[in-house]
Amino acid sequence: MSRRRAIVAIAIGAVMIDATLLGLIAPLLPTIEERTGAGPDALGVTLAAYAVPIAVLSLPLGRIADRLGRRLLLAVGLMVVGAGSGLIAASDSLALLVAARAVQGVGSAASWIAALALVSDTAPPGKRGEALGVAIGATGVGSIAGPALGGVAADVVSFEAPFLICCGAAVGLSVAALVLLPRDPKRSSTALPALALIRHALRASIGRWASAIILVSALVLGVVEVVAPLDLDDRLGLSSAAIGLLFAGSIAVDAGIAPLGGRWGDRRGRLVPARAGLAITALSVLLLAALPGVAGTAIALGAYGAGFSLCFAAAVPMLDESFDEAERGLAYGFQNVLYAGGYALGPILGGLLLDVASAKVVYVGTAAAVAGATIALLVGDRSKTATERM
């Protein structure tokens, strides 16, 4: 195996573990409820405990990746993920479980940032989008594997089994990173504060486009993940397993499209797949309102997976390229903050809207908002370009 392939394999493995952890605990919530006596609010805190450190620590961790290097941050992050997973397996109280889940989140934030920066660093000239698309596709595989691993391993072996598997995988990959990855070269990172560098990146249209797409896409994902399951249960009487399979199909489409979307952006420019992704996202949410039955829902969610994938396959390298090469870690830290913010707001917004309107109204409103945001960004950037030419 060539050095570059080893680096990419380790980085993609880390991304897959991070994505797996996100959904691993969801099918185990009933068991946690039985083990700890926790109510719905406390279980919600358990889920949120993973995301909070990612939102809070991503910018400083991005700076660490730029100043100290990717290799060390990746290895330490994976070790922390392993420690958090082991703590969950050993937990006998809700407080310890929440703390362990937060530890997992800290490690995941570190390893995710370092892994994507490594993939970008090692991408061949003109193929950064494709390389990042493969990594983004790996998150889809992990997203499918997480709930499956959690549910099956816990049923067949024990509650502790899925967390011990993740612990072993994370620690093993950390050791592989230390052994196989080359030592980081000495890096010269600017002394400017992170927020000043982010403001500088956002002055360019590519930075604004990328940030808006990531934020809007994560927000829409949060809305869909709340509204669609409740709608499918109410309208079609689908079981949790059936709903899960429909979403798994959407994620599978996402994973398959991402490398193709990245390659498309490398060849035709990032805005081409970005605009297509936004348009398909808006259309897919409309289809959720319009198409009847399970087959219609499967088509709509499949289209949604394609739109979401194209958006991220374009936006992630766009955001990367809006920062200087020496600040690439900060770019991925900022991406984490944008995604976490949108994904935190989306479910809240979806729930509030569903309290006062039907699912169809929420779908149509969401599609209109995505279409409106796309048009506003297009008009705004064209106006700025025309002004700059005068």
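Residues numbered from 1 in each chain as written. Predicted model: local features only at pLDDT ≥ 70, side-chain atom pairs only at ≥ 80, totals over all residues. Heavy atoms only, no water.

### Some remarks on the environment of leucine 178
- With respect to the helices and strands, the residue leucine 178 is situated in helix 7 (residues 161-180).
- A relative accessible area of 37% places leucine 178 in the partly exposed class.
- The spacing of leucine 178 and leucine 74 is 104 residues in sequence and 8.9 Å in space, taken between C-alpha atoms. (Helix = DSSP H or I, 4+ residues; strand = E, 2+ residues; numbered from the N terminus. Buried < 20%, exposed > 50% of the residue type's maximum accessible area, 1.4 Å probe, protein only.)

### Considerations on the confidence of the model for the protein
- Counting all residues, the mean pLDDT for the protein is 85, and 93% of those residues have values of 70 or more.
- Taking the mean pLDDT of every element in the protein, the minimum, 73, falls on helix 14 (residues 359-389) and the maximum, 93, on helix 4 (residues 70-90). (pLDDT = per-residue confidence, 0-100.)

### Focus on the side chain of serine 108
- Considering the arrangement of structural elements, one finds serine 108 in helix 5 (residues 94-122).
- What makes serine 108 buried here is its relative accessible area of 4%.
- In this structure the side chain of serine 108 is engaged in a polar contact, spanning 3.3 Å, whose partner is the side chain of aspartate 18.
- Contact partners of serine 108, with chain neighbours within four places excluded, come to Asp18, Tyr50, Ile54 and Val81. (Polar contact = N/O pair within 3.5 Å; in protein donor to acceptor, adjacent residues only side chain to side chain. Contact = heavy atoms within 4.5 Å.)

### Brief notes about the pattern of salt bridges
- Tallied over the entire structure, the rule returns ten salt bridges.
- We note a salt bridge from arginine 328 to aspartate 121, for which the minimum N-O separation is 2.6 Å. Separated by 207 residues along the polypeptide, arginine 328 in helix 13 (residues 328-356) and aspartate 121 in helix 5 bring together distant segments of the chain.
- Of the residues examined, arginine 328 reaches a relative accessible area of 5% and is grouped as buried.
- Note that glutamate 321 is salt-bridged to arginine 128, the shortest N-O span being 3.6 Å. Of this pair, glutamate 321 sits in helix 12 (residues 293-322) while arginine 128 is found in helix 6 (residues 128-156), placing the two residues 193 residues apart along the sequence. (Salt bridge = Lys/Arg side-chain N within 4 Å of Asp/Glu carboxyl O.)

### Remarks on the packing of aromatic side chains
- Counting across every chain of the model gives six aromatic pairs.
- Seen in terms of ring centroids, phenylalanine 308 and phenylalanine 312 are 4.7 Å apart; in terms of plane orientation they differ by 35°. Their pairing is tilted. Here phenylalanine 308 pairs with phenylalanine 312, and both are found in helix 12, just four residues apart, close to one helical turn.
- An aromatic cluster is built from Tyr304, Phe308, Phe312, Tyr339 and Tyr343, whose rings are joined through pairwise contacts. (Phe/Tyr/Trp six-rings, centres within 6.5 Å; stacked < 30°, edge-to-face > 60°.)

### What about a positive patch on the surface?
- Taken together, the side chains of Arg4, Arg5, Lys127 and Arg267 present a region of like positive charge at the surface.
- You can see arginine 5 is positioned in helix 1 (residues 3-24).
- According to the relative accessible area criterion, arginine 5 is exposed, its value standing at 59%. (Patch = residues over 30% accessible without salt bridge, like charges linked within 9 Å, V, L, I, M, F, W, Y side chains within 5 Å. Areas by Shrake-Rupley, 256 points an atom, 1.4 Å probe, with all protein chains shown as cover. Lys, Arg positive; Asp, Glu negative; His and termini not counted. Charge placed at Lys NZ, Arg CZ, Asp CG, Glu CD.)

### Section: the nonpolar core
- Within the largest apolar cluster, 101 residues are counted, with the highest numbers of intra-cluster contacts made by Leu74, Phe163, Val224, Phe323 and Tyr363.
- With twelve residues, the single largest contributor to this core is helix 5.
- With residues up to four places along the chain from it excluded, the contact list for tyrosine 363 reads Val227, Ala228, Asp231, Val285, Leu288 and Ala289. (Core = buried A, V, L, I, M, F, W, Y, C linked by side-chain atoms within 4.5 Å.)

### Quick look at the side chain of serine 85
- Within the secondary structure, serine 85 sits in helix 4.
- Serine 85 has contacts with Leu21, Gln104, Phe163, Cys166 and Cys167, leaving out every residue within four places of it along the chain.

### Thoughts on a nonpolar patch on the surface
- Together, Met79, Val175, Leu178, Val179 and Leu180 give the surface a local cluster of nonpolar side chains, amounting to about 420 Å² of exposed area.
- Of all the elements, helix 7 adds the most residues to the nonpolar patch, at four residues.

### Focus: the environment of phenylalanine 334
- In this structure, phenylalanine 334 sits in helix 13.
- Among the residues examined, phenylalanine 334 registers a relative accessible area of 9% and is labelled buried.

### A word on the packing of helix 1 against helix 7
- Between helix 1 and helix 7, whose axes approach to 10 Å, the crossing angle comes to 155°. If you check the angle between helix 1 and helix 7, you find them roughly antiparallel. Along this stretch, helix 1 crosses helix 7, giving a crossing that reads as left-handed. Taking contact as the criterion, the partners of Arg3, Ile10, Gly13, Ala14, Ile17, Thr20, Leu21 and Leu24 in helix 1 are, on helix 7, Pro162, Phe163, Cys166, Ala169, Ala170, Leu173, Ala176, Ala177 and Leu180.
- A per-class count over the contact of helix 1 with helix 7 returns 14 nonpolar, two polar and one charged. (Axes fitted to C-alpha atoms, helices over the stretch in contact; angles between N-to-C directions. Parallel < 35°, antiparallel > 145°, perpendicular 65-115°, else oblique. Left-handed = near helix turned anticlockwise from the far one by under 90°. Nonpolar A, V, L, I, M, F, W, Y, C, P; charged D, E, K, R; others polar.)

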